[in-house]
Amino acid sequence: MSEAIHPVPEAWAKNALINADRYAELYRQSVEDPDGFWRQEAQRLDWLTPFTRVQRTSFDEADFGIRWFEDGALNIAANCLDRHLAVRGDAIAILWESDDPSEPERRISYRQLHAEVCRFANLLKARGVGRGDRVTLYLPMVPEAAVAMLACARIGAIHSIVFAGFSPDALAGRILDCGSRLVVTADEGLRGGRRVPLKANVDEALTHCRDVDSVIVLRRTGADVAMQAGRDVDWHEGVASQPAECPPEAMNAEDPLFILYTSGSTGKPKGVLHTTGGYAVWASMTHQYVFDYRPGQIFWCAADIGWVTGHSYVVYGPLINGATTVMFEGVPNWPDPSRFWQVVDKFGVEIFYGAPTALRALMREGDHWVQKTRRSSLRLLGSVGEPINPEAWEWYHRVVGEGRCPIVDTWWQTETGAAMITPLPGATDLKPGSASKPMFGVAPQLVDSEGKVLEGATEGCLVLTQSWPGQMRGVWGDPERFFQTYFTTFPGKYFTGDGCRRDADGYYWITGRIDDVINVSGHRMGTAEIESALVAHEAVAEAAVVGMPHAIKGQGIYAYVTTNAEVEPDEALRRALVQWVRHEIGPIATPDVIQFAPGLPKTRSGKIMRRILRKIAENETSNLGDISTLADPSVVATLIADRPQLA
Ligand code: WTA
């Protein structure tokens, strides 16, 4: 644990939107008089019908409900586009950089983006999509991904983006769950010089999804892909005849905006549902304050739009605020580990927001890859997705930011919509590795496993006691699951699933998930999902998956597999199972270790004791705790003896 403190630089304290005094004052107001605070903050949007009621929220079972600005109406796409046209129509909305450094960048003005969104919205309508319909997007990181999102929002359709690294099976599951009839994809994606067969994946997925009657296909690489007559539409041919005007639908603040599937500790991924008004206020406000954003600045969030970070900080937050948002199709280390910083120099990026896993990978390649670039435009750095270890933090600060850029380490979740616990660059002294202080309106609490509230410097389970506008509103298709998952562990409170320490200065340090969710390279994976993929293989009788420490990815995937009696486990089977999981879920779920286990440690009632499996995976076998309650304690010694020696 680092004890270093980096005080707010003087210039930041003087010039930032929010300094320490202002933070204290606004924070107090936001929790003591939330209605007053949010009534004011919501004025950042253009409302078609102003709201009168700020919130009606309760986490208690008797009157459970989360409603913000519920009698107001607005259109979020109009807030991202139309209202900017008069003042900054010719300003750049999206600056796009290809995976291939030799391909020219694209600069898309607010006016052009508006026209593209309207055309595409009209195409969606022509294919029968309307208010409340779900549209699945399976797209590479190209401006058209933002166009498709905003077009859905413009006509009141609900987008569900599926990360383009997911397998056809995973895609099919998500299409079926939300009942999309239209899918938007590209011929191929391009990442790190490799082609990803997106259209072919969609075709495979759709063999399971009979209700899909339209597929809109963007030409990205120009590859020759099969087009099914009647169903498949070429994007550019489709929009060519559409008018560049499409009136935005007036949406109620609580109308759904998007669904985003994410992993939980049990069952299949759940469709996290966000609605319109509260999310828009929350994404916009946090983008402005956390990044001290001023119009005209070049902002780069290096996340994929397939994750919530891409929703809130590549598209909605920046565009509502009239920003120039950078969209990057590629990866940090291709063609070489200077790539990020070359893009920073090329565009004059002032604010860069990335994931610790990428930083750790780049750090390992050596400082010279960074130092051969200028980075003189950078003024602020951000981190998101997983805990950042103090070494990576210091490297980011010293080498990438040359000591002059504050780092905002933002803790949040798909469920929370946008940043929740984070420093503000003009207000918060920085402690490397700490997400520091709550955002306005966020009321964190630490409780023990019985729910007892812990005070002062302590460690416990992180819960939130008050609603905030960007909170998820439900699990698509399963209203019960929302309440069950988040509000029953500690009644009356939202349980985050994260463990957390609070120090004597009131700084929060997220220690990681305490449920059966693991965080691999900043991507959330449910261990249950990987287990069900493994047991779907004919050779596998049983599987248990846990996280293990991993120097680059943060956590790696460690799978214990028991094969069927007639199967002799060998190296070929191990390789086959790795491929199998990649095929079932996608490359992000690739197991790092598969240990064949003749038996798993179970209680007499048959429950797998994951605590023990975690310890073995971590190679912490000297301290396994009480194993006497196991049905067969001898399996533990076998597991320890068989543990593969890892480099
Ligand atoms: C983890 C990503 C520590 C945490 C925005 C959370 C973090 C999960 C941080 C959500 C951070 C995210 N420090 N841990 N700054 N940011 N996490 O839904 O465990 O993909 O619960 O949202 O990532 O992951 P999700």
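Residues numbered from 1 in each chain as written. Predicted model: local features only at pLDDT ≥ 70, side-chain atom pairs only at ≥ 80, totals over all residues. Heavy atoms only, no water.

### Focus on the site of the ligand
Step number 1: With respect to spatial proximity, 17 residues lie near the ligand, and among them Asp409, Thr410, Thr414, Asp498 and Arg524 are the closest.
Step number 2: Gln413 is positioned with one of its side-chain polar atoms (N or O) 3.0 Å from an oxygen atom of the ligand.
Step number 3: The separation between an oxygen atom of the ligand and a polar side-chain atom of Asp498 is 2.5 Å.
Step number 4: Contact with the protein chains removes 96% of the 530 Å² of surface that the ligand exposes when unbound.
Step number 5: At the level of elements, α12 (308–320), β20 (407–410) and β26 (508–513) are the ones that each hand at least two residues to the shell around the ligand.
Step number 6: Across the shell around the ligand, the residue classes tally to six nonpolar, six polar and five charged. (Near = heavy atom within 4 Å. Polar contact = N/O pair within 3.5 Å; in protein donor to acceptor, adjacent residues only side chain to side chain. Areas by Shrake-Rupley, 256 points an atom, 1.4 Å probe, with all protein chains shown as cover. Helix = DSSP H or I, 4+ residues; strand = E, 2+ residues; numbered from the N terminus. Nonpolar A, V, L, I, M, F, W, Y, C, P; charged D, E, K, R; others polar.)

### Remarks on empty space enclosed by the protein
Step number 1: Applying the stated criterion to the full structure yields three cavities of 30 Å³ or more.
Step number 2: Of the volumes computed, that of the largest cavity is approximately 80 Å³.
Step number 3: As for the largest cavity, its lining consists of 13 residues, of which Pro140, Met141, Ala164, Arg191 and Asp304 are closest to the centre.
Step number 4: Examining the composition of the lining of the largest cavity, we find that three residues originate from one element, strand β9 (residues 189–191), more than from any other.
Step number 5: Within the lining of the largest cavity, the residues separate by chemical class into eight nonpolar, two polar and three charged. (1 Å grid on protein atoms, 1.4 Å probe; cavity = no way out; pocket = protein on both sides within 12 Å on 5 of 7 lines; lining within 4 Å. Points joined across faces, edges and corners; volume = space filled by probe spheres on them.)

### Concerning the domain arrangement of the protein chain
Step number 1: Each domain of the protein chain was delimited in the assignment, giving domain 1 (110–247) and domain 2 (521–642).
Step number 2: The gap between the C-alpha centroids of domain 1 and domain 2 is 37 Å.
Step number 3: Counting from both sides, the interface comprises seven residues of domain 1 and, opposite them, seven residues of domain 2.
Step number 4: Regarding the contact of domain 1 and domain 2, the summed buried area is about 520 Å², with carbon and sulfur atoms giving 52% of it.
Step number 5: Of all residues in domain 1, Phe166, Ser167 and Asp169 bury the most surface against domain 2, accounting for 55% of the area lost on that side.
Step number 6: If you look at where domain 1 meets domain 2, you find zero salt bridges.
Step number 7: Taken together, the connections running from domain 1 to domain 2 amount to three residue pairs in polar contact (both at pLDDT 80 or more).
Step number 8: Looking at the side of domain 1 that touches domain 2, its residues break down into three nonpolar, two polar and two charged. (Domains from an automatic or database assignment. Contact = heavy atoms within 4.5 Å. Buried area = accessible area lost by both parts, 1.4 Å probe. Salt bridge = Lys/Arg side-chain N within 4 Å of Asp/Glu carboxyl O.)

### What to know about the sheet that holds strand β16 (residues 298–301)
Step number 1: Read from one edge to the other, the open sheet built from seven strands follows the order β5-β4-β17-β16-β18-β19-β20, with strand pairing classed as mixed. Since the sheet does not close on itself, it has two edges, and those belong to β5 (106–109) and β20, each with one partner. Shown here is a sheet whose adjacent strand axes are inclined to one another by a mean of 20°, direction ignored.
Step number 2: Pairing analysis gives four bridges linking strand β4 (residues 92–97) to strand β17 (residues 324–328), with the strands arranged parallel. Residue pairing for β17: Trp96 is matched across the bridge by Met327.
Step number 3: Its contacts with the sheet put helix α6 (residues 110–126) on β4 and β5, and the angle it makes with β5 is roughly 80°. (Pairing = 2+ DSSP bridges. Axes fitted to C-alpha atoms, helices over the stretch in contact; angles between N-to-C directions.)

### Overview of the pairing of β26
Step number 1: As paired strands, strand β25 (residues 494–502) and β26 are joined by five bridges and run antiparallel to one another. Within the sheet, the bridge partner assigned to Arg501 lies in β26 and is Trp509.
Step number 2: As consecutive antiparallel partners, β25 and β26 are separated by five residues, and within that stretch Gly506 has a phi angle of approximately 80°, a positive value.

### So, the UniProt feature "binding site: ATP" (unreviewed entry) in the protein chain
Step number 1: UniProt annotation of "binding site: ATP" (unreviewed entry) refers to Gly385, Glu386, Pro387, Asp409, Thr410, Trp411, Trp412, Gln413, Thr414, Asp498, Arg513 and Arg524 when read in the numbering used here.
Step number 2: In this structure, Pro387 sits in the loop between β19 (380–384) and α16 (390–400).
Step number 3: Residues within four places of Pro387 in sequence aside, it is in contact with Pro356, Arg360 and Ile510. (UniProt positions renumbered as here; feature names shortened; annotations may be inferred.)

### Structural notes on the packing of α6 against helix α7 (residues 143–155)
Step number 1: Contact geometry of α6 with α7 gives a least axis separation of 8 Å together with a crossing angle of 65°. Helix-helix and strand crossings are classified by hand; for α6 and α7 the assignment is right-handed. Judged by residue contacts, Leu113, His114, Glu116, Val117, Cys118, Phe120, Ala121, Leu124 and Lys125 of α6 engage Val147, Ala148, Leu150, Ala151, Cys152, Arg154 and Ile155 from α7.
Step number 2: Grouping the amino acids of the contact of α6 with α7 by side-chain chemistry returns 12 nonpolar, one polar and three charged. (Left-handed = near helix turned anticlockwise from the far one by under 90°.)

### Looking at the pattern of salt bridges
Step number 1: According to the stated counting rule, one finds 41 salt bridges in the structure shown.
Step number 2: In this structure, the salt-bridge partner of Arg294 is Asp292, at a minimum N-O distance of 2.9 Å.
Step number 3: By relative accessible area, which is 28% here, Arg294 ends up partly exposed.
Step number 4: Relative accessible area serves as the criterion here: at 2%, Asp292 is assigned to the buried category.
Step number 5: In this structure, Arg379 and Asp292 form a salt bridge, with 3.8 Å as the shortest nitrogen-oxygen distance. Separated by 87 residues along the polypeptide, Arg379 in the loop between α15 (368–371) and β19 and Asp292 in the loop between α11 (277–290) and β16 bring together distant segments of the chain.
Step number 6: Among the residues examined, Arg379 registers a relative accessible area of 24% and is labelled partly exposed.
Step number 7: Residues joined by salt bridges that share partners form a network here, namely Glu97, Glu105, Arg107, Arg339 and Lys346. (Buried < 20%, exposed > 50% of the residue type's maximum accessible area, 1.4 Å probe, protein only.)

### Digging into the nonpolar core
Step number 1: Grouped together as the largest cluster of nonpolar side chains are 163 residues, with contacts concentrated most on Phe69, Leu113, Phe120, Leu150, Tyr316 and Phe440.
Step number 2: Of the residues forming this core, the biggest block, 10 residues, is contributed by α7.
Step number 3: Here Leu113 is in contact with Leu81, Ala93, Ile94, Ile108, Val147, Leu150 and Leu319, once residues within four sequence places are set aside.
Step number 4: Ile298, Phe328, Ala358 and Ile388 belong to the second-largest nonpolar core, a separate cluster that totals 28 residues. (Core = buried A, V, L, I, M, F, W, Y, C linked by side-chain atoms within 4.5 Å.)

### A look at the environment of Val540
Step number 1: Within the secondary structure, Val540 is located in strand β29 (residues 540–550).
Step number 2: In the structure, Val540 is positioned 56 residues away from Phe596 in sequence and 9.9 Å away in space, judged by C-alpha atoms.
Step number 3: When near neighbours in sequence (up to four residues on either side) are disregarded, Val540 contacts Leu534, Val535, Val561, Thr562, Thr563, Asn564 and Leu577.

### Quick word on helix α18 (residues 527–535)
Step number 1: By the criterion of burial, α18 is predominantly enclosed, with seven of the nine residues buried.
Step number 2: Buried within α18 are the following residues: Thr527, Ala528, Glu529, Ile530, Glu531, Ala533 and Leu534.

### Considering the sheet that holds strand β14 (residues 256–262)
Step number 1: Strand order across the open sheet formed by eight strands is β12-β11-β8-β6-β7-β14-β15-β24, with mixed pairing between neighbours. Unpaired on one side and paired on the other, β12 (232–234) and β24 (474–475) mark the two borders of the sheet.
Step number 2: Pairing analysis gives two bridges linking strand β15 (residues 270–275) to β24, with the strands arranged antiparallel. Paired with Val272 across the bridge in β24 is Val475.

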